[in-house]
Every structure is written in structure tokens, then in C-alpha cells.
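Chain by chain, the residues run as shown.
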Amino acid sequence: MKHILTAEQFTPAFLVALFKRTEQFGMQLKSGTGKIWLRQRLANHLLFNVFYEPSTRTRFSFASAAHHLGMHLVETESASEFSSAIKGETLEDTIRVLCEYHPSAIVLRHHEDGAALRASTVSKVPIINAGDGKKEHPTQALLDVYTIFQKFKTLNNLTIMVGGDLAYSRTTRSLIHLMAKFAGTRFIFVSPPELSLLPDVLEHLGNFEVPYIEVKENSSDLIKDYLKHADVVYWTRLQKERIPQDLLPKISDIFSITSEHLACMKPTSILMHPLPRNREISTEVDSDHRAVYFQQPGNGMLVRMALLEWVLGQAPFENSLRYDK
Ligand code: NCD
């Protein structure tokens, strides 16, 4: 069974094959006959979207991906409140019950670290982790890396600046794990001191000899010295819902990326954000050609289409890959 639990599970070879398929799906969606062809791909399969936490992009993109592939969809957007979780049902019991309705896969978003792994131990069908706690958001990492690949046509020898709330953001953790697999990746981490990367990620980078530097200051000026080295600048918001309440008042908000920062970036670089943003990217840079954060969501739907096809054993590239999980 092909669960998607962690960004760590994917090989570079898998990504290349998946992204080729993603590109094909993007082309097909542009024509009427292509759309009809897509509708047959996963016709009559049933997908469950089970979201215990708020979501706009992830939920809508999985739903739209399912729709374009001809699947049926049943979903709950606020499972913490509107499922039997409120009556005390465990995640494991809910998953066991949902499997009895014969879905082809379950997309799960949950507030607890490791929830998708727990669900996978009792599930009869593939679990797709749509973000659990502060740890993992593997499908977001795939769409982020696809966006990087689209721009640079390679995933090797890139300098990635990752900034903002690095302690509680799951998208940055998953992105770092995925990009660390590519030759020549270098990281620059920028965060307020209280929100720096957790030791397990740094240890992982150390084990794989991936070079990185950490700038543990929330300084809008200091970062300008580093921006000129970055190919990718990936910025994130303060994860207020996950930061312990007693710590929150002591943490200053992430400073805003403005046109002054863009002026320091390479003309060939890109500025990314998983969204939603608060004030950490000023709207004044939205129209800069390097700002790609409104292209990421569309890529997310296409990557998730290719993923759904693969999870359900229908991907034509299946046999040409070594999947090391
Ligand atoms: C992210 C998440 O849920 O972790 N959102 C998303 O899926 N694009 C990022 C965030 O909420 O900050």
C-alpha cells in the first residue's frame, strides 16, 4: 500500500518521473479532449478528504485534483468539531470506520505530530498526509520542489534560503528534507532566535553533509547581505496556532519582505511562500516576476493529480522506479 507520510520517502528518481507526469496533466487540462481523457483516469474511485485543521489550498486542490481525474469525493472540513472526534472517538477508530466505506484513499490533515503515521497503521487504504502537527507536509514539499524545478529545470546546486517560523512550520521541514536529497543543495536559515530549526533537522543535514548556515536574528537589514546568494527564498508566517500560548507574547512577528529586499535578490531567483501569508511578504512585491507564491497553489493541484494516480497504482511510470519505502 502506498501511503504518503513523509517527504523523506521520495527519491530524486521518483520526483523526476512524477514531475514529468505533472507536466503532462497540466497540458491535458488546457484542452477539451485532454479534460475528457483526464476524467477517465481515476473514474469511479472514491476519495475521502478528512481535515481536522483549517485548510484552503490543500483541501481545495485535492478536491479539484480528484474532480479532474473523475473521482468521487466525500469530505469533512472541520473534523475536530463535526466528526465523532468531539464525542471522544480516537483517530484510529475513525479511520477504521471510514475504511469500511471502501474509499480508494484517505487524505488526512491533523493537528498532532505523527497522526498520518498512526492512521496508516490501522488503515486498509492509502493514507495521504495533508499536514500533521508541526512535523510533516509532504505533498506541499512536492509542489514546492516542482515549482523550483519548473523555474530552474534542475534541482542540483541550488542555494535555498528558508526563513520565518522554522520551529513550528511543517512546510519548511518537509521542504528541507526533500531538497537535502539533491546534489549541491546549500541552505541559509533565517529566523527569530526562538523560532530556529529544531535539532533533529540540523542533525539530519549534518548526517548527510548538507552545508547550511543559520542566521538567528529577526533583522530585516541583516538578511540583505545573504539574499544575493539565494536562488530560492522561501518565506513563512508565524504559526500562531502551534506556538505555546505563554511563548507567543515574547516572540516578535516575522519582518516583512519588501521591494528593498527584492532589490538585493538575483534577477534569476524566486520568492516562495506556502500561503496563507500575514504581513511577512508585503503585497508591493506581488507583481515582481520573481514572486511565484500564487503559482504554487496551481502547481499543487497538478502534483496532487499525479500523486493520486500513483497512489492508486495507475501511474504509467510505476515500473521504472525503485521506491525505497
Ligand atoms: C501550510 C500548512 O498548513 O502548513 N499551508 C498550506 O498547506 N499551504 C502553511 C501554513 O499554514 O502556514
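It should be noted that the structure appears before, not after, this text.
Please read these numbers as outputs of a predicted model, since none were measured by experiment.

S.K.: Is there a simple way to think about the site of the ligand in this case?
M.R.: The immediate surroundings of the ligand are formed by R57, T58, R109, H137, Q140, R170, T171, R237, Q239, P274, L275 and P276. Within the contact set of the ligand, a nitrogen atom lies 3.2 Å away from a side-chain nitrogen or oxygen of Q140. Here Q239 contributes a side-chain N or O atom positioned 2.9 Å from an oxygen atom of the ligand. Burial of the ligand by the surrounding chains reaches 94%, relative to a free accessible area of 320 Å². Given that more than half its atoms are within 2 Å of the pocket grid, the ligand belongs to the largest pocket. Mapped onto the shell around the ligand, the elements with two or more residues apiece are helix 3 (57-68) and helix 8 (170-179). In terms of residue class, the shell around the ligand is made up of three nonpolar, five polar and four charged.

S.K.: Would you take a moment to explain the pairing of strand 1 (residues 46-51) for this structure?
M.R.: As a general feature of sheets, a regular strand has side chains that alternate between the two faces. Burial runs high along strand 1: five of the six residues are buried. In this structure, strand 1 lies alongside strand 2 (residues 72-76), joined through five bridges in parallel fashion. Within the sheet, the bridge partner assigned to L46 lies in strand 2 and is H72. Once you follow strand 1 into helix 3 and on to strand 2, the crossover reads as right-handed. In the sheet, strand 1 pairs with strand 3 (residues 105-110) via five bridges, with the strands oriented parallel. Across the sheet, the residue bridging to F48 is I106, located in strand 3.

S.K.: Just checking my understanding: could you explain the packing of helix 3 against helix 12 (residues 296-311) for this structure?
M.R.: For any two helices packed against each other, one specifies the crossing angle of their axes together with the interaxial distance. One can describe the packing of helix 3 onto helix 12 by two numbers: an axis separation of 8 Å at closest approach and a directional angle of 50°. As summarised for this structure, helix 3 and helix 12 are arranged oblique, according to the angle between their axes. Seen along the crossing, helix 3 lies across helix 12 with a hand that is right-handed. Contacts from R57, T58, S61, F62, S64, A65, A66 and H68 of helix 3 reach helix 12 at P297, G300, M301, R304, M305 and L308.

S.K.: Explain empty space enclosed by the protein here, please?
M.R.: Using a probe with the size of a water molecule, rolled over the atoms, empty space left in the structure can be pinpointed. Summed over the entire model, instances satisfying the criterion amount to one cavity of 30 Å³ or more. One number sums up the size of the largest cavity: a volume of about 50 Å³. Lining the largest cavity we find R57, S61, Q140, L143, H273, P274, Q296, P297 and R304. For the lining of the largest cavity, the secondary structure elements donating two or more residues are helix 3, helix 7 (138-152) and helix 12. Residue contributions to the lining of the largest cavity peak at three residues, all from helix 12. Per-class residue counts for the lining of the largest cavity are three nonpolar, four polar and two charged.

S.K.: In this structure, what is going on with the sheet that holds strand 2? I would like to understand it.
M.R.: Backbone hydrogen bonds are what pair the strands of a sheet, in a parallel or an antiparallel way. Pairing is parallel across the open sheet formed by four strands, whose spatial order is 2-1-3-4. Either end of the sheet is taken by a strand with one partner, and the two such strands are strand 2 and strand 4 (127-132). With direction set aside, neighbouring strand axes in the sheet form an average angle of 15°. Contacts from helix 6 (residues 115-122) reach strand 3 and strand 4 within the one sheet, and its direction differs from that of strand 4 by about 160°.

S.K.: Hey, could you run me through the layout of surface pockets in this one?
M.R.: As a volume, the largest pocket reaches approximately 380 Å³. Taken together, 20 residues line the largest pocket, and the ones lying closest to its centre are R109, R170, R237, L275 and P276. Among the residues forming the lining of the largest pocket, the class breakdown is four nonpolar, nine polar and seven charged.

S.K.: Whenever I open this one, the sheet that holds strand 9 (residues 270-272) confuses me. Can you help?
M.R.: Reading across the sheet, the five strands line up as 7-6-5-8-9 and stay open at both edges, with parallel pairing between neighbours. Edge positions in the sheet fall to strand 7 (212-215) and strand 9, since each of these pairs with one other strand and no more. When the angles between neighbouring strand axes are averaged without regard to direction, this sheet yields 15°. Contacting strand 8 (232-235) and strand 9, helix 7 runs over the sheet at an angle of about 165° to strand 9.

Procedures and definitions
- Residues numbered from 1 in each chain as written.
- Predicted model: local features only at pLDDT ≥ 70, side-chain atom pairs only at ≥ 80, totals over all residues.
- Heavy atoms only, no water.
- Near = heavy atom within 4 Å.
- Polar contact = N/O pair within 3.5 Å; in protein donor to acceptor, adjacent residues only side chain to side chain.
- Areas by Shrake-Rupley, 256 points an atom, 1.4 Å probe, with all protein chains shown as cover.
- 1 Å grid on protein atoms, 1.4 Å probe; cavity = no way out; pocket = protein on both sides within 12 Å on 5 of 7 lines; lining within 4 Å.
- Sits in = over half its atoms within 2 Å of the grid points.
- Helix = DSSP H or I, 4+ residues; strand = E, 2+ residues; numbered from the N terminus.
- Nonpolar A, V, L, I, M, F, W, Y, C, P; charged D, E, K, R; others polar.
- Buried < 20%, exposed > 50% of the residue type's maximum accessible area, 1.4 Å probe, protein only.
- Pairing = 2+ DSSP bridges.
- Right-handed = clockwise from strand over helix to strand, strands pointing away.
- Axes fitted to C-alpha atoms, helices over the stretch in contact; angles between N-to-C directions.
- Parallel < 35°, antiparallel > 145°, perpendicular 65-115°, else oblique.
- Left-handed = near helix turned anticlockwise from the far one by under 90°.
- Contact = heavy atoms within 4.5 Å.
- Points joined across faces, edges and corners; volume = space filled by probe spheres on them.

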